[in-house]
Structures are given as C-alpha cells and as structure tokens.
Amino acid sequence: MTFSSRSVQAAGQPVSELMAEALAHPELISLAAGFVDQETLPVEITARAQQAAFANQDAARASLQYSNPQGLNELRDALLRQSCQWDDSGIPDQVSNENVVTTPGSNQLLYMLANILLDPGDIIICGSPTYFIFIGIVKNVGGETYGVAIDQHGMIPESLDDALSMLKKRGDLARVKAIYLVPYFDNPAGSTLTKERAGEIHEIANRYSEHNKIYVVTDEAYRLLDFNQTAQPSLWAGDRNLNHTIVVGTFSKSYSPGIRVGWGILPPELITPVNDVKGNIDFGSPNINQYIMYEVLRNGWLQEHVSKLCDHYQQKQNAMLDALDEHMSTIDHCSWWNPGGGMYVWLTLPEIIDSAFDKPLYQATKQAGAMYVPGHYCFPKQGEPVQHNTIRLSFGQQTPAKIAEGVKCLAMAVNSVLSIA
Ligand SMILES: Cc1ncc(COP(=O)(O)O)c(C=O)c1O
C-alpha cells in the first residue's frame with residue numbers, strides 16, 4: 001500500500017509512543033502526561049452553563065444546529081474582550097469579532113496555520129525546546145522547525161536575531177514564515193516571556209520580513225494558569241492592529257480539555273484562508289460546546305474556576321519543587337527553575353545522562369516506580385542542538401504526595417546511573 005507523502009511525514013509521533021508507554025505501565029507514577037487534574041474538572045459549572053444555554057427551546061435548538069463556521073458570534077465577542085484587556089484603551093478600532101475564529105481545541109488552528117503558511121521546505125522558528133506536537137504538525141505538512149535558545153524568560157531575542165541572520169546568509173530567509181512562541185508558563189519548559197523580550201521579538205520579526213511577512217504565533221494555552229494571578233497581557237498588546245501577530249487560545253488547560261473549545265485572533269489577510277480550510281474540515285466547531293463556554297464566560301464562572309485551579313496547581317508545583325530541592329539539589333549539574341504557573345517543570349541533568357526511553361535512566365526510573373517525558377522530543381531538528389540530558393516533568397495529574405514520591409524515584413535513578421557512569 002502506498003500512502004501520500006503527507007501521511008509518511010505524519011508518522012513517528014512521540015505522542016503515540018508516550019501514550020503507549022503510559023498505558024503499558026498504569027502502576028507507575030506518571031510525571032509524564034500533560035493531563036489536567038481529574039478532581040478539578042468543572043462538573044457543576046458545566047451543568048449550570050448547559051442549563052443556561054438551554055434556557056428556552058429556541059436557544060436549545062440553535063445550539064444543537066449547525067451554525068456559523070467561524071464560530072458563535074457572542075462567544076467570539078467575549079473572547080476578543082478577554083484577550084485585549086491590557087489597559088483602558090479596549091478593543092482597537094481595526095479589530096472586531098471578524099478577526100476571531102473558534103476551533104475544536106487550539107491544535108486544529110495550529111494545524112490549519114501550518115497548512116496555510118507553509119510549502120514543503122518552509123521554516124517555522126520555535127523555542128528550543130518547544131511544544132513537541134507542534135514540531136510534528138510542521139513536519140506533517142513538509143515544513144521544518146528551527147530551534148532558538150530559550151531560558152526561564154522565554155525566547156532569547158539575540159539568539160533569534162543570530163538565527164535569522166544566519167538563515168538570511170544561507171539564502172533561506174524567504175522560507176521563514178513564522179516565529180512560534182508559547183509565551184506563558186510554556187510546555188515543556190515552564191518559561192514565561194518578559195514584556196521587554198516580547199517587544200524585541202516583534203521588532204526582529206518586522207525587520208526580517210523582507211521577502212514575506214514573518215508572523216509571530218502566540219500560543220496562549222497556559223496564560224490563565226498564573227499562580228500569582230497577575231493577568232498577563234497578551235502578546236498582541238505590542239501589535240494592536242494585528243499586523244503580524246496570530247493569537248492561538250484554548251480552554252483546555254484553564255477549564256476542560258474535553259469541552260474542545262479553542263480560538264484564534266487573526267490578522268485580516270488570514271481570516272479568509274482559515275475559513276476556507278475550516279470549511280473543508282468541519283464547517284464549524286461543536287456548536288453546543290461554544291454555547292456552554294459562552295455562558296461560562298458571561299456569568300463570570302471562568303474566573304471563579306481559574307482562581308481555584310491556580311491554588312490547587314500551586315500546591316502541586318510546590319510539592320514538585322520541594323521534592324526536587326530535597327532529592328536533586330545535592331546532585332551536581334542538575335538544574336530547574338520555578339515556573340510560577342502552568343503544569344510543567346523542566347529538568348536539566350548532568351550532560352553524561354541521556355533521558356531517552358531506551359537508555360539506562362528511563363529504565364532505572366521505571367524500576368523505581370515513576371515515568372517522565374524525555375526532553376529530546378521537544379527539540380526542533382535544526383538550530384540549537386538537542387539536549388539529551390533534559391526531562392519534562394508534569395505536576396498536573398498526580399497528588400502532591402505522589403509527585404513527591406515520583407521525584408524521589410527519579411532522583412534514586414539518577415544517582416544509580418551516575419554511580420556506574
Ligand atoms: C502549548 C500547547 N498548545 C496547544 C495545545 C493543544 O491544546 P488543545 O488542542 O486541547 O486546545 C497544548 C496541549 O497540551 C499545548 O500544550
């Protein structure tokens with residue numbers, strides 16, 4: 001059987017490998033899965049919101065019908081208001097709900113954007129490391145990801161400038177179509193971009209837009225999971241007319257992944273291409289779920305939920321950081337930072353350790369009773385070298401006690417691998 005080259009390019013997804021590993025070992029403490037906490041899923045709020053959406057027969061029937069492929073108008077208005085709360089100036093004149101599209105989770109929008117922006121061989125610049133599913137999406141359409149160094153404060157503008165300058169010298173600048181950022185409490189590294197760096201990245205994107213526009217994609221999946229609740233402004237605060245910024249959002253982490261409601265806020269020239277592709281895929285995201293999320297927003301139930309969620313996750317994050325301090329701080333060349341939000345801690349181990357599935361550390365960690373995501377999955381194939389000595393730890397799913405136990409298992413495994421290295 002011969003399938004298309006796109007199908008071949010989709011093969012070898014880490015997510016299948018990771019899922020298979022998790023399913024094969026239910027007895028292990030998984031610090032791997034990026035699942036949200038089961039206990040905090042908003043059952044009562046969702047029941048209330050559905051009742052509100054079904055308040056009368058007409059509204060109920062409307063929610064059960066096909067609707068505007070671009071998404072529910074009232075929800076798109078609410079999403080726009082929520083996204084541009086940066087100061088008193090409100091929604092910019094040039095932007096309206098016409099710029100907003102709803103999608104069944106943000107992954108669909110990322111996939112559509114890759115299809116719209118990339119021809120085979122085109123490049124998207126990403127953090128090194130970055131959200132590994134996005135690396136697969138780009139590969140699926142024949143594009144390439146190019147990794148730029150990050151630290152605790154997000155992508156490093158000087159490294160971005162160096163990378164673009166090198167790609168220009170190499171004659172590949174016209175192939176660069178976008179810079180992909182996860183600017184808040186990112187997956188996998190838990191880094192958050194500073195306002196200063198965001199401004200520099202906008203400037204660099206503009207400066208190198210010589211052949212075509214280089215878009216800045218801001219994937220805001222973890223924006224609301226800010227344990228200090230400081231209401232992070234969206235990155236498009238630095239590009240209010242949406243000249244080159246594409247906002248990608250989702251309720252998966254702040255509310256429920258099962259509700260499958262995500263959204264995009266798009267520069268004007270991208271609205272038609274996104275609607276065209278969406279028209280081919282599903283001509284509209286699940287309508288009833290959009291009505292439910294509209295009620296959740298309209299009644300202020302999202303803020304209520306998010307503030308509880310942040311308290312809850314902060315306890316789990318603290319359990320992980322305390323356990324790392326207790327068990328790993330005595331091991332030379334181990335490092336991590338406090339993400340202050342999101343669901344992940346990024347751990348760097350001594351360089352002689354390789355964290356891959358088929359290497360001694362992973363096997364020893366499993367024997368001790370825990371599992372993690374090997375960091376190498378999160379590195380683009382070009383640009384900054386892959387750091388095989390890294391690990392993504394998730395504190396989303398386990399209880400604080402299990403998190404502490406899991407980290408202890410990992411530290412035992414690191415010590416045992418180092419003792420025979
Ligand atoms: C950075 C990032 N973006 C996007 C997504 C996709 O989320 P969804 O499709 O559930 O909205 C995830 C999910 O883990 C993520 O971590």
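See the structure printed just above.
Bear in mind the structure is a predicted one, so any value in this text is a computation, not a measurement.

Procedures and definitions
Residues numbered from 1 in each chain as written. Predicted model: local features only at pLDDT ≥ 70, side-chain atom pairs only at ≥ 80, totals over all residues. Heavy atoms only, no water. Helix = DSSP H or I, 4+ residues; strand = E, 2+ residues; numbered from the N terminus. Near = heavy atom within 4 Å. Polar contact = N/O pair within 3.5 Å; in protein donor to acceptor, adjacent residues only side chain to side chain. Areas by Shrake-Rupley, 256 points an atom, 1.4 Å probe, with all protein chains shown as cover. Nonpolar A, V, L, I, M, F, W, Y, C, P; charged D, E, K, R; others polar. Core = buried A, V, L, I, M, F, W, Y, C linked by side-chain atoms within 4.5 Å. Buried < 20%, exposed > 50% of the residue type's maximum accessible area, 1.4 Å probe, protein only. Domains from an automatic or database assignment. Contact = heavy atoms within 4.5 Å. Pairing = 2+ DSSP bridges. Salt bridge = Lys/Arg side-chain N within 4 Å of Asp/Glu carboxyl O.

Enquirer: Hey, could you run me through unusual backbone geometry in this one?
Expert: Both trends apply: most residues other than glycine have a negative phi, and most peptide bonds are in trans. With an omega of 15 degrees, the peptide bond running from Ser128 to Pro129 counts as cis. Inspection of the secondary structure assignment puts Pro129 in the loop between β3 (123–128) and α7 (132–140). That bond from Asn187 to Pro188 is cis: its omega, 20 degrees, falls within 30 degrees of zero. Note on placement: Pro188 falls in the loop between β6 (176–181) and α9 (195–207). Even without glycine at this site, Leu242 takes up a positive phi of about 55 degrees. Considering the arrangement of structural elements, one finds Leu242 in the loop between β7 (215–219) and β8 (245–250). Of note, His333 is a non-glycine position whose phi angle comes to about 65 degrees, a positive value.

Enquirer: What exactly am I supposed to notice about the site of the ligand here?
Expert: Around the ligand there are 13 residues in total, and Ser106, Asp219, Tyr222, Thr250 and Ser252 lie nearest to it. Separating an oxygen atom of the ligand from a backbone N or O atom of Ser106 is a distance of 2.7 Å. For the ligand, an oxygen atom lies 2.7 Å from a polar atom in the side chain of Tyr222. Bound to the protein, the ligand loses 92% of the 400 Å² it would expose on its own. Among the residues making up the shell around the ligand, the classes are represented as four nonpolar, six polar and three charged.

Enquirer: Teacher, can you tell me more about the nonpolar core here?
Expert: In a soluble, globular protein the nonpolar side chains are often hidden away together inside. Ranked by internal contacts, the top residues of the largest apolar core, which has 134 residues, are Ile125 and Phe251. For this core, the element with the highest residue contribution is helix α12 (residues 301–328), accounting for twelve residues. Shared between two domains, this core holds at least three residues of each, these being domain 1 (5–41 + 304–420) and domain 2 (65–299). What Phe251 contacts, discounting residues up to four positions off in sequence, is Leu79, Ser256, Ile259, Val261, Trp263, Met293, Leu297 and Leu302.

Enquirer: Explain the sheet that holds strand β14 (residues 390–394) here, please?
Expert: Taken together, the three strands give an open sheet; going across it, the order is β10-β14-β12, and neighbouring strands pair in antiparallel fashion. Across the chains shown, the open sheet's two edge strands, defined by having one partner strand only, are β10 (344–348) and β12 (373–374). Bridging between β12 and β14 involves two bridges; their strand directions are antiparallel. Paired with Val373 across the bridge in β14 is Arg392.

Enquirer: Whenever I open this one, the pattern of salt bridges confuses me. Can you help?
Expert: Under the criterion given, the structure shown has 15 salt bridges. Linking Glu210 and Lys168 is a salt bridge whose minimum nitrogen-to-oxygen distance equals 2.8 Å. Of the two residues, Glu210 is situated in the loop between α9 and β7 and Lys168 in helix α8 (residues 157–169); the sequence distance between them amounts to 42 residues. Relative accessible area serves as the criterion here: at 41%, Lys168 is assigned to the partly exposed category. Lys278 is paired through a salt bridge with Asp282; the nearest N and O atoms lie 3.0 Å apart.

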